[in-house]
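For reference, the chains in residue letters:
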Amino acid sequence: MEVALIGNPNTGKTSLFNNLTGSYEYVGNWSGVTVEKKVGMFKNNSGRLIDLPGVYTLNPLSKDEGVVTSFFLNEHVDRLLNILDASQLERNLHLTIQLLEFGKPALIGLNMIDVANQRGIQINVGKLSELLGVPVVPVVARSGKGCEQLENSISTAPQLINQRNSVYYGKEIEEAVIKLASKLENKTTHSPRWLALQLFEGNQYIKTYIGKLIAQTEVEALMEELEKKILVKEDVKTLSHLIYQKRKVVIGKILAEAVKKEKTVIPLSEQIDSLVTNRFIGMPIFLLVMYFMFMLTFDWLGTPLAKGMNALLTGPITDGIENLLTVFGASVFIHDLIIHGLVAGVGGVLVFVPQIFILFFFISLLEDSGYMARVALVMDRIMESVGLNGKAFIPMMIGFGCNVPGVMAARTIETPRERLLTILLTPLMSCSARLPVYALFVGAFFASQKAAVVLSLYVLGIVVALLLAKIFSTTLLKSETSLFVI
Amino acid sequence: MVGQMKAGDKGKIINISHVGHLVQRRLLDLGITEGSEVCVKCVMPFGGPIMIESCGQCIGIRRKEANSIEVERL
């Protein structure tokens, strides 16, 4: 049985995936951490779980989101597991409605119930399940609470297909849906209603797909006719707006019945938020955080550890192996190979492991705490001035750890031009593999000013990257508007 | 205009159609459209982005976009 895991970004999909499948995977806070399709076996071996990137809707804006739509169109799936953020139900339910229209048996995992309760939101799970017509299981993905129940529901839930159309889109749209559905009959295995509605929403992937089944001109004629009718009758600007509003009304009704809101208190995280994104001290705080990170890595914590490691390698380990080799009576060639080749060579790299470890630790800590997204906001003005986008900052930051995931993280940038620029420039960030080289130079030539010199090497890379960004964006890669919403 | 609001100001969006297509779509995905109430959380210096709050979530948008969203002060 194939089960697809789908939900909005930052709803805890990856945490849930890890809890359900038992395999370890990276968990982050930046939308698009799950860039590749990941597959895992359920703990009770009842089927395979496919982790999809986080999306707000099935109508994609970026390539990352397109993965989901192509998956739905081209690949086989038995069940959908939709994960919802209980504290943001209204936004999350837009996707749920589209998934229900898809027509495959669905199951809802209601995550972050604890966060919702803290914010004074009480959700009646039974009522929500009744209104949506699918089973709803409350879970806390972070701690794994409720995951067993969810797993059982997936394997035991009846193969019920929800036939009830949860949203009525008005006479004109419904008529057009039926018209298109009759043309698509026997040509596709997908729900014609879902295909039609996605098409009317302006989903390009669906348009291409339908265009292969029936004549493109026919589809366009149908859409034009519908749009004309809608614009005359309803007070909306586009067809997709109307569909959105119809869904919103239905969601509003569902929420009114199943959710109770109480008076809210400002959580601590919002207070921290207002501090780190403060207009005056936001940037200094960021520089301070970076300085602390580098000082810890290279001076306060990293150097003693590296020295200890070095002492361990050149002292006991070399001696031990030397003794061992003498006991076995190894030839001079083997002796030299192991002592001067293996131990000295591999040891030269191993010495830097503590420093690399510390740097990676801090980078992932910053990323998982959500500070990276705030940094993107704070840094957007500077990045915009060189023709980049605040979001480009995240790939570049990750690039300090390793360039490869940095380049991969650039996928979340929506416009192709900015994505290309970010990918081109991320390798200029000094990754941790370059650290041994820097450390060697610094140790040899600038022993008294280690941290300062390494920091300036890093800064030099950034400055060159920004300069190149400016040059590229004004010469080679002009035009195209940039998009920045986080 | 959202761009002219100060931190702490609240408003109701009355027209969002002058904003670029992509930004408009993304804001719609996040539940921000005509009629939704927004609250400006903070404004970055030197014409940097603006952080607005709507239905419990914080969203950063650029000043340029904020300047083309018409709001009615509450």
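Predicted model only: the values in this text are computed from it and were never measured.

**Some remarks on the overall build of chain A**
Piece 1. When you go through chain A residue by residue, the secondary structure sums to 22 helices and 8 strands.
Piece 2. By residue count, 49% of the 486 residues in chain A fall in the buried class.
Piece 3. In chain A, once contacts between residues fewer than 6 apart in sequence are set aside, the share between residues at least 24 apart is 72%.
Piece 4. As displayed, chain A offers around 22,900 Å² of accessible surface, 63% of which is attributable to carbon and sulfur atoms.

**Some remarks on the sheet that holds strand 3 (residues 50-54) of chain B**
Residues and elements named next belong to chain B.
Piece 1. Overall, antiparallel pairing links the 5 strands, which are arranged 4-3-2-1-5 in an open sheet. Each having just a single partner strand, strand 4 (57-61) and strand 5 (70-73) make up the two edges of the open sheet. The sheet shows a mean angle of 40 degrees between the axes of neighbouring strands, direction not considered.

**Things to note about the environment of A:Phe286**
Piece 1. Among the secondary structure elements, A:Phe286 is positioned in helix 13 (residues 282-300).
Piece 2. Sequence separation between A:Phe286 and A:Val378 is 92 residues, and the spatial gap between their C-alpha atoms is 8.9 Å.

**Description of the sheet that holds strand 4 (residues 79-85) of chain A**
The strands that make up a sheet pair up through hydrogen bonds in the backbone, lying either parallel or antiparallel.
Residue and element names in this part refer to chain A.
Piece 1. One open sheet holds the 6 strands; their spatial order is 2-3-1-4-5-7, and the pairing between them is mixed. Single-partner strands in this sheet number two, and they are strand 2 (38-41) and strand 7 (136-138). Strand-to-strand, the axes of this sheet are offset by a mean angle of 25 degrees, without reference to chain direction.
Piece 2. Sheet analysis places strand 4 next to strand 5 (residues 106-111), joined by 6 bridges and oriented parallel. Paired with aspartate 85 across the strands is asparagine 111, a residue of strand 5.

**As for a nonpolar patch on the surface**
Residue and element names in this part refer to chain A.
Piece 1. Taken together, the side chains of Leu288, Phe292, Trp300, Leu301 and Leu305 define a hydrophobic patch exposed on the protein surface, amounting to about 490 Å² of accessible area.
Piece 2. Element by element, the count of residues in the nonpolar patch is highest for helix 13, at 3 residues.
Piece 3. With respect to the helices and strands, the residue phenylalanine 292 is situated in helix 13.

**What to know about the packing of aromatic side chains**
Residue and element names in this part refer to chain A.
Piece 1. Counted by the stated rule, this structure contains 7 aromatic pairs over all chains.
Piece 2. Consider the rings of phenylalanine 71 and phenylalanine 72, whose centres lie 5.9 Å apart with planes at 85 degrees: the pair is edge-to-face.
Piece 3. Ring centres of phenylalanine 102 and tryptophan 194 lie 4.6 Å apart, and the angle between their planes is 75 degrees; on these two criteria the pair is classed as edge-to-face. Of this pair, phenylalanine 102 sits in helix 3 (residues 89-102) while tryptophan 194 sits in helix 8 (residues 192-200); the two residues are 92 residues apart in sequence, bridging distant segments of the chain.
Piece 4. Residue phenylalanine 102 is classed as buried on the basis of its relative accessible area of 4%.
Piece 5. Ring-pair connections join several aromatic residues into one group, and the members of that group are Phe71, Phe72, Phe102 and Trp194.

**Side note on the environment of A:Leu255**
All names here are of chain A.
Piece 1. The residue leucine 255 is located in helix 11 (residues 239-258) in this model.
Piece 2. With a relative accessible area of 17%, leucine 255 lands in the buried category.
Piece 3. Put simply, leucine 255 and asparagine 124 are 131 residues apart on the chain and 9.7 Å apart in space, counted from C-alpha to C-alpha.
Piece 4. Ignoring sequence-local partners within four residues, the contact set of leucine 255 consists of Leu89, Glu90 and Leu93.

**Notes on the environment of A:Leu377**
Residue and element names in this part refer to chain A.
Piece 1. For leucine 377, the location among the structural elements is in helix 17 (residues 371-385).
Piece 2. Judged by relative accessible area, leucine 377 falls into the buried class, the value being 3%.
Piece 3. Residues leucine 377 and glycine 282, spaced 95 residues apart in sequence, show a C-alpha to C-alpha distance of 9.7 Å.

**Here's the deal with the pattern of salt bridges**
Residue and element names in this part refer to chain A.
Piece 1. Overall, the coordinates contain 10 salt bridges over all chains when judged by the stated rule.
Piece 2. The partner of arginine 247 in a salt bridge is glutamate 101, and the shortest N-O contact between them spans 3.3 Å. Taken together, the residues arginine 247 in helix 11 and glutamate 101 in helix 3 connect sequence positions 146 residues apart.
Piece 3. Taking the relative accessible area as the measure of exposure, arginine 247 reaches 1% and is therefore buried.

**Describing the nonpolar core**
Residues and elements named next belong to chain A.
Piece 1. With 65 residues, the main nonpolar core has Ile6, Phe72, Leu110, Ile173, Phe200 and Ile210 as its most contacted residues.
Piece 2. Each of domain 1 (2-156) and domain 2 (171-261) gives at least three residues to this core.
Piece 3. Non-local contacts of leucine 110, meaning those with residues more than four positions away in its chain, are made with Leu84, Ala86, Leu89, Ile123, Val125, Leu128, Val136, Val137, Pro138 and Val139.
Piece 4. Phe286, Met290, Val378 and Ile398 belong to the second-largest nonpolar core, a separate cluster that totals 38 residues.

**What about the interface of chain A and chain B?**
Piece 1. Counting residues at the interface gives 32 residues for chain A and 33 residues for chain B.
Piece 2. Taken over both partners, the interface formed by chain A and chain B buries close to 3,000 Å², and the fraction arising from carbon and sulfur atoms is 54%.
Piece 3. Connecting chain A to chain B are 0 salt bridges.
Piece 4. Taken together, the elements giving at least two residues each to the side of chain A that touches chain B come down to helix 11, helix 12 (268-276) and helix 17 of chain A.
Piece 5. The element contributing the most residues to the side of chain A that touches chain B is helix 17 of chain A, with 5 residues.
Piece 6. A class-by-class count of the residues in the side of chain A that touches chain B yields 11 nonpolar, 9 polar and 12 charged.

About the thresholds
- Residues numbered from 1 in each chain as written.
- Chains lettered and ligands numbered in written order.
- Predicted model: local features only at pLDDT ≥ 70, side-chain atom pairs only at ≥ 80, totals over all residues.
- Heavy atoms only, no water.
- Helix = DSSP H or I, 4+ residues; strand = E, 2+ residues; numbered from the N terminus.
- Buried < 20%, exposed > 50% of the residue type's maximum accessible area, 1.4 Å probe, protein only.
- Contact = heavy atoms within 4.5 Å.
- Areas by Shrake-Rupley, 256 points an atom, 1.4 Å probe, with all protein chains shown as cover.
- Pairing = 2+ DSSP bridges.
- Axes fitted to C-alpha atoms, helices over the stretch in contact; angles between N-to-C directions.
- Patch = residues over 30% accessible without salt bridge, like charges linked within 9 Å, V, L, I, M, F, W, Y side chains within 5 Å.
- Salt bridge = Lys/Arg side-chain N within 4 Å of Asp/Glu carboxyl O.
- Phe/Tyr/Trp six-rings, centres within 6.5 Å; stacked < 30°, edge-to-face > 60°.
- Core = buried A, V, L, I, M, F, W, Y, C linked by side-chain atoms within 4.5 Å.
- Domains from an automatic or database assignment.
- Buried area = accessible area lost by both parts, 1.4 Å probe.
- Nonpolar A, V, L, I, M, F, W, Y, C, P; charged D, E, K, R; others polar.

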